[in-house]
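Survey of secondary and tertiary structure
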Amino acid sequence: MGRRTEGRDGATRAPETPPAALDGADTRFILGLAVPGCSRFTSNEAGRRSTNLGHPDGSWATFEHATGTVAQGGPRRLWDAINAIHREWQAAGSAPHDLQLRIDGTRQTLYLPGKPGGWRLDG
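In short, a report on the structure. Values in this document were obtained by computation on a predicted structure and should not be read as measured data.

Residues of helix 1 (residues 25-34) that are buried: Thr27, Ile30, Leu31 and Leu33. Projected onto a plane normal to the axis of helix 1, the buried residues spread over an arc of 145° and lie on a single side. Against helix 2 (78-92), strand 7 (107-111) and strand 8 (119-121) lie the buried residues of helix 1.

Now the structure itself:
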């Protein structure tokens, strides 16, 4: 995980997207589009279970299972990015077998046919 640095607001709050949503292969795939390079691990240090996210840019997020809260910091709000794409993915129908790739010049976008939006691939 990257360096753990204080966030802009230092807020701890209940997340919109619970860590269990990250367990399915389909969801992990689509979430990887929102936060490429992000790593995830679960720890059980001193009996306190947490789900942790880290990014090479120094961004981090920690979900404490006992309290049901998430804290995040660094240059990017990782759990907020996950909330946004998880909400979009659920609204789009969560169907990875229907995904299509659109290539327009240097821009590549995964999308669900007939649904607005999509997910731009960085590269």
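Axis separation between helix 1 and helix 2 bottoms out at 9 Å; the angle between their running directions is 125°. Considering the angle they form, helix 1 stands oblique to helix 2. The handedness of the crossing between helix 1 and helix 2 comes out as right-handed. In contact with Asp26, Thr27, Ile30, Leu31, Leu33 and Ala34 of helix 1, helix 2 contributes Ala81, Ile82, Ile85, His86 and Trp89. The class makeup of the residues in the contact of helix 1 with helix 2 is eight nonpolar, two polar and one charged.

A positive phi angle, close to 55°, is found at Ala46, a residue other than glycine. Position of Ala46 relative to the elements: it lies in the loop between strand 2 (39-45) and strand 3 (48-54).

So, about the sheet that holds strand 6 (residues 100-104). Here we have three strands laid out as an open sheet, ordered 6-7-8, and antiparallel in their pairing. Here the strands that pair on one side only, and so sit at the sheet edges, are strand 6 and strand 8. Taking each pair of neighbouring strands and ignoring which way they run, the sheet shows an average axis angle of 30°. When strand 7 meets strand 8, the two strands line up antiparallel, connected through three bridges. For Leu110, the partnering residue across the bridge sits in strand 8 and is Trp119. Each of strand 7 and strand 8 is contacted by helix 1, which is oriented at about 70° to strand 8, the strand it contacts most.

This brings us to the pattern of salt bridges. Applying the stated criterion across every chain, the model contains two salt bridges. One salt bridge connects Glu64 with Arg48, and the closest N-O pair in it is separated by 3.5 Å. In this pair, Glu64 sits in strand 4 (residues 60-64) while Arg48 sits in strand 3, placing the two residues 16 residues apart along the sequence. Close ionic contact of Arg76 with Asp57 constitutes a salt bridge, the shortest N to O distance being 3.5 Å. Here the residue Arg76 occupies a position in the loop between strand 5 (69-73) and helix 2, and Asp57 occupies one in the loop between strand 3 and strand 4, the gap between them amounting to 19 residues.

For the rest of this paragraph, the subject is the sheet that holds strand 5. Taken in spatial order, the five strands make up an open sheet running 1-5-4-3-2, and their pairing is antiparallel. The open sheet has two free edges, formed respectively by strand 1 (12-13) and strand 2, since each of these has just one partner strand. Across seven bridges, the pairing between strand 2 and strand 3 is antiparallel. Looking across to strand 3, one finds that Glu45 is bridged to Arg48.

The next subject is the side chain of Gln72. In this structure, Gln72 sits in strand 5. In this structure Gln72 comes out as buried when scored by relative accessible area, which is 6%. Within polar-contact distance, the side chain of Gln72 engages the backbone nitrogen of Leu78 at 3.4 Å. In this structure the side chain of Gln72 is engaged in a polar contact, spanning 2.9 Å, whose partner is the backbone nitrogen of Trp79.

What counts, and at which threshold
- Throughout, residues of each chain are indexed from 1 in the direction in which the sequence is written.
- Reporting of local features is limited, given that this is a predicted model, to residues whose pLDDT is at least 70; pairs of side-chain atoms are given and counted only at 80 or more, and all residues count toward the totals for whole chains, interfaces and linings.
- Processing note: side-chain calculations cover all non-hydrogen atoms of the structure and skip hydrogens and water entirely.
- Throughout, exposure labels follow a simple rule: accessible area from a 1.4 Å probe, protein chains only, divided by the maximum for the residue type, with under 20% read as buried, over 50% as exposed, and the rest as partly exposed.
- Strands are runs of DSSP state E lasting at least 2 residues, helices are runs of H or I lasting at least 4, and numbering of each runs from the N terminus.
- An arc is given here, and it is the one of the directions from the helix axis to the C-beta atoms.
- Note on definitions: a residue-residue contact is assigned when non-hydrogen atoms from the two residues lie within 4.5 Å.
- To get an axis, fit a line to the C-alpha atoms, keeping to the stretch in contact for a helix; angles then go from 0 to 180 degrees between the N-to-C directions.
- The cut-offs work like this: below 35 degrees is roughly parallel, past 145 is roughly antiparallel, 65 to 115 is roughly perpendicular, and the gaps in between are oblique.
- Note on convention: the crossing is left-handed when the near helix lies turned anticlockwise from the far helix by less than a right angle, right-handed when the turn is clockwise.
- Residues were grouped as follows: Ala, Val, Leu, Ile, Met, Phe, Trp, Tyr, Cys and Pro as nonpolar; Asp, Glu, Lys and Arg as charged; and all remaining residues, including Gly, as polar.
- Note on pairing: two strands pair once DSSP finds at least 2 bridges between them.
- By definition, a salt bridge exists where a carboxyl oxygen of Asp or Glu is found within 4 Å of a side-chain nitrogen of Lys or Arg.
- Within 3.5 Å is the distance limit for a polar contact, defined as a pair of N or O atoms, with the added protein rule that one can donate a hydrogen and the other accept it, and that residues adjacent in sequence qualify only through two side-chain atoms.

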